[in-house]
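# Architecture and fold: a report
The residues making up each chain are set out below.
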Amino acid sequence: MSKNTLFDTFLQDTWTFNKHWTFDLGVRADYNRTPAYLNYVTPANVVAALNSQAPGAPAGITYAQTLAAGGININNYISNGHNRSAKWNFSPRLGASYDIDGNQKHVIFGGVGRTYNQNLYDLLQVEQTKYVLSQPTILFNTPLQPCVVNNSTCYTFNPSYLSIPALQSLVAGSFAGKEVDMMPNNLKTPYSDQFSIGMRNQIGDWDTSVAVTRVLSYDNLTGFLGNRYPNGDFWQNHSQPWSYGLPGFGNLILWGNGLNTRTTQLLLSAQKPYTEESGWGLTVAYTYTHAKWNMDNQAMNNNYSFDEEFPSDYPYISEPVAKSRLVVAGTLKGPWDIAMGARLTLATPIPAVNLACYSDPNTPSGCIPVAATPEGSHFLVGGRIWGYRDFSVQFTKNFKLYGLDAYARADIINVFNWHNYSSYVYNYGSNGLLNKYPITYDPTGTISGYPRYLKLTVGVNF
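Criteria and thresholds
Residues numbered from 1 in each chain as written. Predicted model: local features only at pLDDT ≥ 70, side-chain atom pairs only at ≥ 80, totals over all residues. Heavy atoms only, no water. Helix = DSSP H or I, 4+ residues; strand = E, 2+ residues; numbered from the N terminus. Rg over C-alpha atoms; globule rule 2.2 N^0.38 Å. Buried < 20%, exposed > 50% of the residue type's maximum accessible area, 1.4 Å probe, protein only. Contact = heavy atoms within 4.5 Å. Areas by Shrake-Rupley, 256 points an atom, 1.4 Å probe, with all protein chains shown as cover. Salt bridge = Lys/Arg side-chain N within 4 Å of Asp/Glu carboxyl O. Core = buried A, V, L, I, M, F, W, Y, C linked by side-chain atoms within 4.5 Å. Disulfide = S-S within 2.5 Å. Phe/Tyr/Trp six-rings, centres within 6.5 Å; stacked < 30°, edge-to-face > 60°. Lys NZ or Arg CZ within 6 Å of the ring centre and 35° of its normal. Arc of directions from axis to C-beta. Polar contact = N/O pair within 3.5 Å; in protein donor to acceptor, adjacent residues only side chain to side chain. Pairing = 2+ DSSP bridges. Patch = residues over 30% accessible without salt bridge, like charges linked within 9 Å, V, L, I, M, F, W, Y side chains within 5 Å.

### Looking at the overall build of the chain
Across its full length, the chain carries six helices and 25 strands. For 462 residues, the compact-globule estimate of 2.2 N^0.38 gives 23 Å, and the C-alpha radius of gyration of the chain, at 29 Å, exceeds that figure by more than 25%. Here the C-alpha coordinates of the chain stretch approximately 90 × 55 × 55 Å along the principal axes. The proportion of buried residues among the 462 residues of the chain is 38%. Considering only contacts within the chain whose residues lie at least 6 apart along the sequence, 67% involve residues at least 24 apart. Element-wise, carbon and sulfur atoms account for 58% of the exposed surface of the chain, whose accessible area totals about 25,000 Å².

### With respect to the pattern of salt bridges
Pairs can form between side chains of opposite charge whenever their charged atoms are close. Applying the stated criterion across every chain yields a total of 12 salt bridges. Across the salt bridge formed by Glu 375 and Arg 384, the nearest N and O atoms sit 3.4 Å from each other. With a relative accessible area of 54%, Glu 375 lands in the exposed category.

### Brief notes about the nonpolar core
If you look at the biggest cluster of nonpolar residues, it comprises 20 residues, and the most contacted ones within it are Leu 50, Ile 74, Met 182, Leu 246, Leu 252 and Leu 254. Of all the secondary-structure elements, those providing two or more residues to this core are helix H2 (44-50), helix H3 (63-69), strand S7 (180-182) and strand S10 (252-272). Excluding residues within four positions of it along the chain, Leu 50 makes contact with Thr 62, Tyr 63, Ala 64, Leu 67, Ile 74, Ile 78, Met 182 and Leu 246. Core analysis: the second largest hydrophobic core is formed by 13 residues, Tyr 37, Leu 225, Phe 234 and Trp 255 among them.

### Quick look at the state of the cysteines
For the coordinates displayed, the defined rule picks out two disulfides. A disulfide bridge connects Cys 147 with Cys 154, and the sulfur atoms are separated by 1.9 Å. Judged by the sign of its S-S torsion, about 75 degrees, the bond between Cys 147 and Cys 154 is right-handed. The class for Cys 154 is buried, based on a relative accessible area of 1%.

### Concerning the packing of aromatic side chains
Summed over the entire model, instances satisfying the criterion amount to 27 aromatic pairs. Centroid distance Tyr 424 to Tyr 441: 5.7 Å. Interplanar angle 20 degrees. Geometry classified as stacked. One end of the pair, Tyr 424, is in strand S21 (residues 424-426); the other, Tyr 441, is in strand S24 (residues 439-441), and 17 residues separate them in sequence. On the accessibility criterion, Tyr 424 (14% relative accessible area) is buried. Judged by relative accessible area, which is 16%, Tyr 441 ranks as buried. Above the face of the Tyr 316 ring, Arg 262 is positioned so that its terminal group lies 3.7 Å from the ring centre. In this arrangement the basic side chain of Lys 272 is found over the ring face of Trp 280, its NZ or CZ atom lying 4.5 Å from the centre.

### Structural notes on the environment of Ala 64
Positionally, Ala 64 belongs in helix H3. Taking relative accessible area as the criterion, Ala 64 reaches 14% and is therefore assigned buried. Distance from Ala 64 to Leu 404, taken between C-alpha atoms, is 76 Å for residues 340 residues apart in sequence. Ignoring anything within four residues of it in the chain, the contact list for Ala 64 reads Leu 50, Asn 51 and Ile 74.

### Focus on helix H5 (residues 126-133)
Among all positions of H5, only Val 126, Glu 127 and Tyr 131 are buried. Along the axis of H5, the buried residues cluster in a sector spanning 125 degrees; they form a single face. Away from the buried face of H5 by more than 90 degrees, exposed residues Val 132 and Leu 133 are located. Looking at the packing, one finds that the buried side of H5 touches helix H1 (35-38), H2, helix H4 (121-124), S7 and S10.

### Points about the side chain of Gln 394
Mapped onto the fold, Gln 394 is located in strand S19 (residues 388-401). Side chain to side chain, Gln 394 and Thr 396 meet in a polar contact 2.6 Å long. Dropping the residues within four chain positions of it, Gln 394 is found in contact with Ala 339, Met 340, Gly 341, Arg 409, Ala 410 and Asp 411.

### Comments concerning the pairing of strand S8 (residues 191-203)
As paired elements, strand S4 (residues 106-116) and S8 share 11 bridges and run antiparallel to each other. Bridge assignment links Gly 113 to a residue of S8, and that residue is Gln 194. Across 13 bridges, the pairing between S8 and strand S9 (residues 206-225) is antiparallel. What sits directly across from Ser 196, in S9, is Thr 213.

### Section: a nonpolar patch on the surface
On the surface, Trp 15, Phe 17, Trp 21, Leu 25, Leu 94, Val 112 and Phe 195 cluster together to form a nonpolar patch covering roughly 670 Å² of accessible area. The class for Trp 21 is partly exposed, based on a relative accessible area of 37%.

This is the structure we're talking about:
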């Protein structure tokens, strides 16, 4: 439990110098205080374990010293309840627009600004909850899964351990095998810098827009493995030191501001609004996205970076987002005042982000983070470039029912029953050679969206 305090204030002013130029200037100030993080005191037994003999190391070498040999100053993570502080963050932003003719028909706009996010409590709290509530992990030294026997987290197997009480006795009254998570004392607040420029136009009955945005996000929170081999190594024989956890505990997970993203987008749109006079309306929107991050997990909300020694060791690869997305939606007034609508959605395949292990000789693990894009499907013209295709229609009739406004609607979703696969089959390669096409869609896996179906709806508004 933590009684958090969040204070935000925002000042903005707009100056219109003439019928052409308008400027906006603003600044946001925020202060976030999380006592669960700020007042946290690293448990004494964790500190004692850090300063105890390191498993497998020469006599007199502490676990903290093996961490230091591996590039980690553990003192930066030990909190005494007074060496962490809350900070004020200031987010300036500037925007401007230029109306070419002074009649709102052709307007050039742009802006630049910074936005601070917050380190979410569901991540900050793991420092406490993992210590109290984490499940112990016990390893048994076997030929297939060897570990260093230390009678705390790694044991020589005994048939008696097939008994639940005997197994429970290994962790009764101890912290053996329990994960320890530690936050840095100098934790930063994640932030994003955004730049944009574009132009809006009114051309006859059409509203059009073109814009380019660039968003650079920094210092997002991520957890990485703190364990080190007795000599401080993180890699030995292509393996990580998962068996060399904190003495008397389990694995040591350290947290830091290591996750960054870089996104550039081109947005094009054209809209002809529906009017009763014309009896039709149409919207066309296209988005091109070029996004990279230093992460190798398909899940956008994954906050762990276990595949490299430090988060900064990750290369920047594509994020799991579609590069191109086109949406065309139209409305037409049909016979008997039936409103007819249709929507076409096309998107290029989403890259499969994962750790590719194919015995790469240039990496200590034989693996590298990879974002590979599977081959898509056809649509009318062009190659197999589309990963998502959907064409849906709807028909709506409004009428009076006993003086009330009623309606009947029919939707046909995914008219052509296109299969939008979302699972992948991986075949990265071997012997240090990465396959040219390492990813394909799994035709027996999950799909995005819906198969074709008919939906009928009748309702009354009152």
